[in-house]
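# Residue-level structural notes
Listed below are the residues making up each chain.
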Amino acid sequence: MPDETPWWKGAVFYQIYPRSFADASGDGIGDLGGIRAHLDHLATLGVDAIWLSPFYRSPMADFGYDISDHCDVDPLFGTLADFDRLLADAHQRGIRVIVDFVPNHTSDQHSWFAESRSSRDNPKRDWYTWRDAKPGGHPPNNWRASFTGETHWVRDDTGQLRPRFGVKAGGDVHASAWTLDDATGQLYLHEFLPEQPDVDWRNPAVAAAMFDVLRFWLDRGVDGFRVDAVSSVGKPIGLPDANEKLAMIPGGGLTDDAFVFDVIRALREVLDGYDDKMMVGEVHGLDAPEIMRHVGTDKFHLAFNFPPMFDRWRADRWRRHIDETEAGTQRHDLWPAWVLSNHDTPRHADRYGTQSRARAAAVLLLTLRGTAFLYMGDELGLIDAFVPAGRRVDPGGRDGERAPLPWTDGDRHGWDGPADPWLPFPRNAATHNVERLSRDPRSILHLYRALLAARRGADSLRTGAFEWLAAPHTVLAYRRLSAATGDERAVIVNFDSAPAHVDLDGDWVVEVSSTMTGNGEAWTGEVASDRAVLLRPAGVRG
Ligand code: NOJ
């Protein structure tokens, strides 16, 4: 029987932030040629797909999330021909490629906005949202813009970083989401920087132009999209004030969900005109059930399950997130997408505070029921760079996690110039670079490779059911089972530093600590970190 499972289900995606992956041109900024030159790293790691953060033409106010031409490559990154070559080489290695789609806003340098701002009666005026100021020159409503304040990450007493949103140092709130444009004396709306005006999706001409962008990349052969900040497209009609607490959140925290779903359905229709494409949505929600409302046969294929990313490394928290995710997906036959790090959040090896936790987190991420998204450098156990005040460039304070990937030993780590890399290297680049970790069979890089290989070899891990096993409260233990083949794996993740004992099947006690022990009669260890093991029934070869 042919395998009907869609390729993205159970796949492992690898997010590439192009500025920081690898530099082929020597200008200190990563580029498409650099990615192409390092595809073997990804093939050896064993990923199924890559997600490329924006490489489109952009003035880089938000490092590519401010797009001035959706259908061209920024010269910093190369050319469309370079993109085609990268796509072909990735496909040739069996690696799919998805690209970023940014529906909510463009750059203020986009020709659409240039036209829109040129006069009140320009045909593209209502492609964006323009309003008169309120009496006294006040903005039309009380919404605030992202990246005009700060998110603080504060280390708690267990050594873990926790986010504190919204309030700027000194107690100020973010700036208004409205900017006055002198040319016409009106204000335009932007949920992010003033250089990122929001388009108006209620205007059918905007929607049609955006669908053309999707088709442009689909026709070039991409396998799908990561859809940026999708909830932002659902501005409530009338743009009402938010209550003061919500107004602290950029965008006012006000979303017309029904409209967001309509937009997602329309995007899906475009994708469904092609074979085998997928979309993963960047959806922020309080919990998995809320996020999963954006997923379905006529919506996104996947949506990032973000709540655990903002939570601590603690067994009880993860148990709750997993329960919520299982409940929110199983009922409607949906599929989860797990992620621990990305270009917007301090790296999880840093957030969780130790390499041992990072290794256990790898076992968890790659054995839960769902599709897994790695952020480049997760496989190296990277922590963020220290970026001194004089070198900080991101208005959102995210430079640390965007540091260049260290490929080799030595000072330049494979970024051989002549120009210096655009940001300092991660703080542990001297010990956690690809060259060094490749040589050490016990390294986190080899752990990732082993986990990915195990996952490839076991349909229980890729697409099987999830079932809890009894375990002490500091431990998560579960079984993955394939109904189709009977394949079965057990996973034990110890969140504590003290050794834990788990009674598997009532006849074998697994000790998860710095050395894994057991009599090996019923289950054998497939992959082990000092705090987590992946096991398979003895006699079964993956
Ligand atoms: C989410 C992206 O991940 C982030 O990097 C970007 O700044 C905002 N959306 C705005 O596009």
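What you see is a predicted model; the values in this text were computed from it and never measured.

## Looking at the site of the ligand
Surveying the vicinity of the ligand reveals the residues D62, Y65, H105, F147, F192, R226, D228, E282, H343, D344, R398 and R402. For the ligand, an oxygen atom lies 2.5 Å from a polar atom in the side chain of D62. When isolated, the ligand has an accessible area of 290 Å², and the protein chains bury 97% of it. Here the residues of the shell around the ligand sort into three nonpolar, two polar and seven charged.

## Section: helix α6 (residues 204–220)
Along an α-helix, residues three or four apart share an orientation, since each turn contains 3.6 residues. For α6, spanning 17 residues, the distance from its first C-alpha to its last is 25 Å, which sits close to the expected 24 Å at 1.5 Å a residue. Burial in α6 covers these residues: V206, A207, A209, M210, F211, V213, L214, W217 and L218.

## A short note on the sheet that holds strand β15 (residues 371–375)
With parallel pairing, the eight strands of this open sheet are ordered in space as β13-β12-β11-β5-β2-β1-β15-β14. Since the sheet does not close on itself, it has two edges, and those belong to β13 (302–303) and β14 (337–339), each with one partner. Summarising the sheet, strand β1 (residues 12–16) and strand β2 (residues 49–52) pair through four bridges and their orientation is parallel. Following the sheet pairing, I16 is matched in β2 by L52. Where helix α8 (residues 257–272) meets the sheet, its contacts fall on β5 (96–101), β11 (224–227) and β12 (278–281), and the angle it forms with β12 comes to roughly 155°.

## A few points about helix α5 (residues 111–118)
The complete set of buried residues in α5 reads W112, F113 and S116. For α5, the angular spread of the buried residues around the axis is 90°, confining them to a single face. Against β4 (69–73), β6 (130–131), β10 (186–189) and α6 lie the buried residues of α5.

## Description of the nonpolar core
By size, the foremost hydrophobic cluster in this structure holds 142 residues, and its most contacted members are Y14, W201 and W318. For this core, the leading source of residues is α6, giving nine residues. Apart from residues no more than four positions distant in its own chain, W201 is found in contact with F101, P103, N104, V206, A207, M210, F211, V233, F259, V263 and L267. Of all hydrophobic cores here, the second largest spans eleven residues; its members include V475, A477, W523 and L535.

## So, the packing of α6 against α8
At a minimum axis separation of 10 Å, α6 and α8 run at an interaxial angle of 30°. One element, α6, and the other, α8, form an angle in the roughly parallel class. By crossing handedness, the relation of α6 to α8 is classed as right-handed. Contact with α6, carried on its side by F211, L214, R215 and L218, involves A266, L267, V270 and L271 of α8 and no other residues of that element. Grouping the amino acids of the contact of α6 with α8 by side-chain chemistry returns seven nonpolar, no polar and one charged.

## Observations regarding the pairing of strand β22 (residues 532–537)
The buried fraction of β22 amounts to six of the six residues, a majority that puts the element mostly inside the structure. Side chains of β22 alternate between two faces, with A532, L534 and R536 and V533, L535 and P537 buried alike. Alignment of strand β18 (residues 488–494) against β22, held across four bridges, turns out to be antiparallel. Note on β22: the bridge partner recorded for V493 is A532.

## With respect to the packing of aromatic side chains
Scanning the model with the defined rule gives 30 aromatic pairs in all. Both rings, one in W7 and one in F13, keep their centres 5.7 Å apart while their planes meet at 35°; by these two values the pair is tilted. A single burial state applies to W7 and to F13, both of which are buried. Note on W313 and F495: the rings are 4.0 Å apart at their centroids and 25° apart in plane angle, and the pair reads as stacked. In this pair, W313 sits in the loop between β13 and α10 (315–330) while F495 sits in the loop between β18 and β19 (500–504), placing the two residues 182 residues apart along the sequence. By relative accessible area, W313 is classed as buried at 2%.

So, how was this worked out
Residue positions are counted from 1 within each chain, in the order its sequence is given. Per-residue local features of the predicted model are confined to residues with pLDDT of at least 70, and side-chain atom pairs are confined, for both listing and counting, to 80 or more; whole-chain, interface and lining totals are unaffected and use all residues. As a rule here, side-chain values cover all heavy atoms of the structure and leave hydrogens and water aside. We define proximity as follows: a residue is near a molecule or strand when any one of its heavy atoms falls within 4 Å of that partner. Here a polar contact is recorded for every N or O atom pair within 3.5 Å, except that within protein the pair must consist of a potential hydrogen donor and a potential acceptor, and residues adjacent in sequence are included only if both atoms are side-chain atoms. Calculation of accessible area relied on Shrake-Rupley with a 1.4 Å probe; when residues are assessed, cover is drawn exclusively from the protein chains displayed. Under the scheme applied, nonpolar residues are Ala, Val, Leu, Ile, Met, Phe, Trp, Tyr, Cys and Pro; charged residues are Asp, Glu, Lys and Arg; polar residues are all the others, including Gly. What counts as a helix is a DSSP run of H or I of at least four residues, what counts as a strand is a run of E of at least two, and both are numbered from the N terminus. Given the number of residues in a helix, its expected span is that number minus one, multiplied by 1.5 Å. Think of it in three bands: residues with accessible area under 20% of the maximum for their type are buried, residues over 50% are exposed, and the middle band is partly exposed, with areas taken using a 1.4 Å probe on protein chains only. In this analysis, strands are considered paired if DSSP registers two or more bridges between them. In what follows, residue pairs with any heavy atoms lying within 4.5 Å of each other are defined as contacts. A fitted line through C-alpha atoms represents every axis, and for helices the fit uses only the stretch in contact; the resulting angles, taken between N-to-C directions, go from 0 to 180 degrees. Within this analysis, the arc is defined by the directions that extend from the helix axis to the C-beta atoms. For our purposes a nonpolar core is just a set of buried Ala, Val, Leu, Ile, Met, Phe, Trp, Tyr and Cys residues, chained together by side-chain atoms within 4.5 Å. For classification purposes, an angle smaller than 35 degrees is called roughly parallel, one larger than 145 roughly antiparallel, one from 65 to 115 roughly perpendicular, and anything else oblique. Should the near helix be turned counterclockwise from the far one by less than a right angle, the crossing is left-handed, whereas a clockwise turn marks it as right-handed. Here the aromatic set is Phe, Tyr and Trp, taking the six-membered ring for Trp, and pairing holds for ring centres within 6.5 Å; pairs whose planes are under 30 degrees apart are stacked, those over 60 apart are edge-to-face, and all others are tilted.

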